[in-house]
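# Coordinates in review
Now for the letters of each chain:
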Amino acid sequence: MNLDALLKPLFLYTGLLGLLTVGSVYFATHSGLYMLGLTGVGVLLVVLGGGAVGQMGPSNVEHAGEKGGTNRVVSNAGLWSTVETDTSLRLTLLFYGAGVSLWSLVVFGVLRDTLV
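Below or above, wherever it landed, is the structure these notes cover. (Residues numbered from 1 in each chain as written. Predicted model: local features only at pLDDT ≥ 70, side-chain atom pairs only at ≥ 80, totals over all residues. Heavy atoms only, no water.)

Summing up its helical and strand segments, the chain has 3 helices and 2 strands in all. What you see in the chain, going N to C, is helices and strands ordered as α-α-β-β-α. For the chain, with 116 residues in total, the buried portion stands at 26%. Across the chain, the fraction of contacts at a sequence separation of at least 24, relative to all contacts at a separation of at least 6, is 68%. Total accessible area on the chain is roughly 7700 Å²; 68% of this is exposed by carbon and sulfur atoms. (Helix = DSSP H or I, 4+ residues; strand = E, 2+ residues; numbered from the N terminus. Buried < 20%, exposed > 50% of the residue type's maximum accessible area, 1.4 Å probe, protein only. Contact = heavy atoms within 4.5 Å. Areas by Shrake-Rupley, 256 points an atom, 1.4 Å probe, with all protein chains shown as cover.)

Here's what the structure looks like:
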């Protein structure tokens, strides 16, 4: 697996878009309740993105002679979609949810005195 291909989505979704989302909610509301809700949404997105990976099993691997009779083994690891796109939806949800959760916790830790 090429880890360099994961760096761009990691920085984009976790770093930039997660920070932009949390920052805009913080500047718009200054509310701890909204930050708490945003943390929950981030955790939910991580569960939705990473939960599909945990559903792997022997049924996701197609062996030679089964279902089509090809001589190759096809494996869908669950993290990458079978459709050729730059970044899969599961990976996007996983990274974006992690970014929203982490940046919300940073706001709670650093700016807790300014939250209403």
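A word on the packing of aromatic side chains. Counted according to the given criterion, the structure contains 1 aromatic pair. For the pair Tyr 26 and Phe 27, a centre-to-centre distance of 5.2 Å together with 65 degrees between the ring planes defines the contact as edge-to-face. (Phe/Tyr/Trp six-rings, centres within 6.5 Å; stacked < 30°, edge-to-face > 60°.)

Let's shift gears to the packing of helix α1 (residues 4-29) against helix α3 (residues 89-110). It is at 7 Å that the axes of α1 and α3 come closest, and there the two elements cross at 45 degrees. Compared by their axis directions, α1 and α3 come out oblique. For α1 against α3, the interelement crossing comes out right-handed. Across from Leu 6, Pro 9, Leu 10, Tyr 13, Thr 14, Gly 15, Leu 17, Gly 18, Leu 19, Thr 21, Val 22 and Tyr 26 in α1, the residues of α3 making contact are Leu 91, Thr 92, Phe 95, Tyr 96, Ala 98, Gly 99, Val 100, Trp 103, Ser 104 and Val 107. (Axes fitted to C-alpha atoms, helices over the stretch in contact; angles between N-to-C directions. Parallel < 35°, antiparallel > 145°, perpendicular 65-115°, else oblique. Left-handed = near helix turned anticlockwise from the far one by under 90°.)

Within the largest apolar cluster, 7 residues are counted, these being Val 22, Tyr 26, Met 35, Leu 38, Val 100, Val 107 and Leu 115. Counting residues per element, the ones that place at least two in this core are α1, α2 (32-51) and α3. With sequence-adjacent residues up to four places away left out, Val 22 is seen in contact with Met 35, Leu 38, Val 100, Trp 103, Ser 104 and Val 107. (Core = buried A, V, L, I, M, F, W, Y, C linked by side-chain atoms within 4.5 Å.)

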